[in-house]
Amino acid sequence: MGTHVEGHAGEQAIEAMLGFGTDVMFTLNGGHIWPLYEAARNQGMRVVDVRHEQTATFAAEAYAKLTRRPGFAALTAGPGITNGVSAITSAYFNGSPLVVLGGRAPEGRWGSGSLQEMDHVPVVQSITKSASTVKDASQAGELVHAAARLSLTPHRGPTFLDFPLDVFGPAVGNVPDVDECVGKGRAPDADEVAVLAAMIANAERPAFIVGSDVYWDGAWEQLRAAVEHLRVPCFFNGLGRGTLPASHELAFLRTRGLLKQRADLVVVLGTPLDFRLGFGRFGNAQVAHVVDSDAQRAKHVSVPTAAGDTSLILQAFADYTGKRRNREDWIAELRTAERAAIAADAPLLAATDSPIRPSRIYGELGKRLASDAVVICDGGDFASYAGKFVEVQQPGCWLDTGPYGCLGNGLGYATAARVVRPSSQVVLLLGDGAAGFSLMDADTLVRHGLPVVMVVGNNGMWGLEKHPMQAIYGWDMACDLQPACRYDEVVRALGGAGELVTAAAQIGPAMDRAFASGVPYLVNIVTDPVDEYPRSSNLG
């Protein structure tokens, strides 16, 4: 079964993407991919063009994060594709379903020195689940369908196909139907699940760390059922934030440090045991792992692991009928510590210091965020403060850079967020260093009528590097940016709006004007260059 498509390979490609519910293409114009534009125009797919291919690819990844459907970037040949490589790599590390379709110099003239003639496949092979070239136009629909399906198959990730210019000639092909099982992981091993369930039930002080794959598997209802049934406190990272509302009695934000000191079992759900999680070590606590596929089993540590569809594993936890230890004292201990941390943070969130402390920005932002606001992070220390202070109430409302740590995602993520969530607040939190990667794409927001509130924490430096260099060497190099640089004027020049903030009392009113403006609006806040985020993670 499937759809018979006439026209050219581009028509088949767009038909295939639409079959997965992907209704937006993110791109930057290049002649090698014009047939994809023609097909998008013919079939009613929205096209959002940007100012840099990195932005297009980040936007496509954010579309995937927001919809749990394949994101779609169309990149022209040669530099168009290499400009997208960092964003493809981020999607690979984030496990985001992304389909990148590229142009390519004509196959019939290959080796003659055509414009932008380059073999892209070896370049992207190590950062994609699959990468190949479409050689037969009649197979284009089937190949794009297979690429999109693979991108959704746990463990999810990007796929790549390029199209030689001479493959876009007249062709007829078939586009398969999307089956009901697409995107679902395999059933877990019952014995592996039973071992973990018993460990959780018998632990005195267990905790869950909930990661992105719980979100990708759409398992937030099963998560809630499991933690309420077994009475397990939860901490979060990545897209795991919001899978249990921050207001839930078993959701904790500020007390993760207690896990190394007090927990006897830490179960990591749907995220790697990487540098963000101490490489899988939490003091004396036993560690267990739930992963969405066998490929995600940790190789550097040996811990009890269950692999498979996260929703099925969590539902099994929720259905556990054996004896369980009472851990209300443990929950109360964490809640008491959480309240104490909130109380300790209150002066920081209300700080009137001059220069401005970054924490005050989050004190003002927290008063104004709706429960369905999409919060986007692009930066180092300034974005880290967001992770510390922003409370996420719904799934799919927190978009951070991810473990690859590639800056420049901000404007692409914001573009996709406004396209996908036209009625929600969209807030982009930028370090001043990160702003340099993609701020020109404020033009994209203006041209496409996409109002976004951008907040720049402007401390005039690469703070994530400057402070550690000073601590290690006693000096720093290549860390300084322009003090109080007028990023707001850049956005105004591009057709948006913005303002400079230099006093704490100005922050709240400036944010109010930004949210009410209905245009891309940048609040440029000059912050204290001495303020350093208290970082403890081991990066290597």
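Remember, predicted model here, so these are calculated numbers, not experimental data.

**Regarding the packing of aromatic side chains**
Next up, step 1: Per the stated rule, a full pass over the model turns up 15 aromatic pairs.
Next up, step 2: Consider the rings of Phe-26 and Tyr-63, whose centres lie 6.3 Å apart with planes at 65 degrees: the pair is edge-to-face. Of this pair, Phe-26 sits in strand β2 (residues 24–27) while Tyr-63 sits in helix α3 (residues 53–67), placing them 37 residues apart in sequence.
Next up, step 3: Phe-26 sits in the buried class, given a relative accessible area of 0%.
Next up, step 4: Ring plane angle 5 degrees and centroid distance 5.2 Å describe the contact between Phe-163 and Phe-168, whose orientation is recorded as stacked. Judged on exposure class, the residue Phe-163 and its partner Phe-168 are both buried.

**So, helix α5 (residues 85–94)**
Next up, step 1: Three or more residues of α5 are buried, namely Ala-87, Ile-88, Thr-89, Ser-90, Ala-91 and Asn-94.
Next up, step 2: For α5, the secondary structure elements touched by its buried residues are α3, β5 (98–104), α6 (121–124), β7 (158–164), α9 (212–216) and α16 (410–420).

**Topic: the sheet that holds strand β15 (residues 398–399)**
Next up, step 1: Overall, parallel pairing links the 6 strands, which are arranged β15-β14-β16-β17-β19-β18 in an open sheet. On the outer flanks of this sheet lie β15 and β18 (497–501), each paired with one strand and no other.
Next up, step 2: Alignment of strand β16 (residues 426–431) against strand β17 (residues 453–458), held across 5 bridges, turns out to be parallel. Of the residues in β17, the one forming a bridge with Leu-430 is Val-456.
Next up, step 3: Against the sheet, α16 touches β14 (374–378), β15, β16 and β17, its axis set at about 180 degrees to β16.

**Observations regarding the side chain of His-289**
Next up, step 1: Of note, His-289 is situated in strand β12 (residues 286–291).
Next up, step 2: Note on His-289: relative accessible area 1%, which makes it buried.
Next up, step 3: Apart from the residues lying within four places of it in its own chain, the contact partners of His-289 are Leu-196, Val-268, Thr-271, Pro-272, Leu-273, Gln-296, Ala-298, Val-303, Pro-304, Thr-305 and Ala-306.

**Comments concerning the environment of Pro-347**
Next up, step 1: If you trace the backbone, Pro-347 turns up in helix α13 (residues 328–349).
Next up, step 2: Note on Pro-347: relative accessible area 54%, which makes it exposed.

**Thoughts on the pattern of salt bridges**
Next up, step 1: Taken as a whole and judged by the stated rule, the model has 34 salt bridges.
Next up, step 2: Between Arg-447 and Asp-49 there is a salt bridge whose closest N-O contact spans 3.1 Å. Of this pair, Arg-447 sits in helix α18 (residues 442–447) while Asp-49 sits in strand β3 (residues 46–49), placing them 398 residues apart in sequence.
Next up, step 3: A salt bridge links Arg-368 to Asp-512, with the shortest nitrogen-to-oxygen separation between them at 2.7 Å.

**So, the environment of Gly-185**
Next up, step 1: Among the secondary structure elements, Gly-185 is positioned in the loop between β8 (170–175) and α8 (190–202).
Next up, step 2: Separated by 53 residues in the primary sequence, Gly-185 and Ser-132 place their C-alpha atoms 24 Å from one another.
Next up, step 3: Those residues in contact with Gly-185 that lie beyond four places of it in its chain are Pro-154 and Asp-309.

**Details of the layout of surface pockets**
Next up, step 1: Here the second largest pocket defines a volume of roughly 510 Å³.
Next up, step 2: Tallied by class, residues from the lining of the second largest pocket come to 9 nonpolar, 6 polar and 5 charged.

**Some remarks on the pairing of strand β11 (residues 265–269)**
Next up, step 1: Burial within β11 is extensive, with 5 of its 5 residues counted as buried.
Next up, step 2: Of the two faces of β11, both are covered, the one formed by Leu-265, Val-267 and Leu-269 as well as the one formed by Val-266 and Val-268.
Next up, step 3: As paired elements, strand β9 (residues 206–210) and β11 share 5 bridges and run parallel to each other. Note that in β11 the partner of Ala-207 across the bridge is Val-266.
Next up, step 4: In the sheet, β11 pairs with β12 via 5 bridges, with the strands oriented parallel. Residue pairing in the sheet places Val-268 in a bridge with His-289 of β12.

**Overview of the nonpolar core**
Next up, step 1: With 56 residues, the main nonpolar core has Phe-26, Ile-376, Leu-399, Leu-428, Leu-430, Leu-439 and Met-454 as its most contacted residues.
Next up, step 2: Of the residues forming this core, the biggest block, 8 residues, is contributed by α3.
Next up, step 3: When residues no more than four places from it in sequence are discounted, the contact partners of Leu-430 are Asp-378, Phe-382, Leu-411, Ala-435, Leu-439, Val-455, Val-456 and Gly-457.

**Focus: the pairing of β9**
Every other side chain in a regular strand lies on the same face of the sheet, so the side chains alternate between the two faces.
Next up, step 1: Taken across its 5 residues, β9 has 5 buried, putting it largely inside the fold.
Next up, step 2: With burial as the criterion, each face of β9 is covered, one bearing Pro-206, Phe-208 and Val-210 and the other bearing Ala-207 and Ile-209.
Next up, step 3: Note that β9 and strand β10 (residues 234–236) share 3 bridges and pair parallel. Residue pairing in the sheet places Ile-209 in a bridge with Phe-235 of β10.

What counts, and at which threshold
Residues numbered from 1 in each chain as written. Predicted model: local features only at pLDDT ≥ 70, side-chain atom pairs only at ≥ 80, totals over all residues. Heavy atoms only, no water. Phe/Tyr/Trp six-rings, centres within 6.5 Å; stacked < 30°, edge-to-face > 60°. Helix = DSSP H or I, 4+ residues; strand = E, 2+ residues; numbered from the N terminus. Buried < 20%, exposed > 50% of the residue type's maximum accessible area, 1.4 Å probe, protein only. Contact = heavy atoms within 4.5 Å. Pairing = 2+ DSSP bridges. Axes fitted to C-alpha atoms, helices over the stretch in contact; angles between N-to-C directions. Salt bridge = Lys/Arg side-chain N within 4 Å of Asp/Glu carboxyl O. 1 Å grid on protein atoms, 1.4 Å probe; cavity = no way out; pocket = protein on both sides within 12 Å on 5 of 7 lines; lining within 4 Å. Points joined across faces, edges and corners; volume = space filled by probe spheres on them. Nonpolar A, V, L, I, M, F, W, Y, C, P; charged D, E, K, R; others polar. Core = buried A, V, L, I, M, F, W, Y, C linked by side-chain atoms within 4.5 Å.

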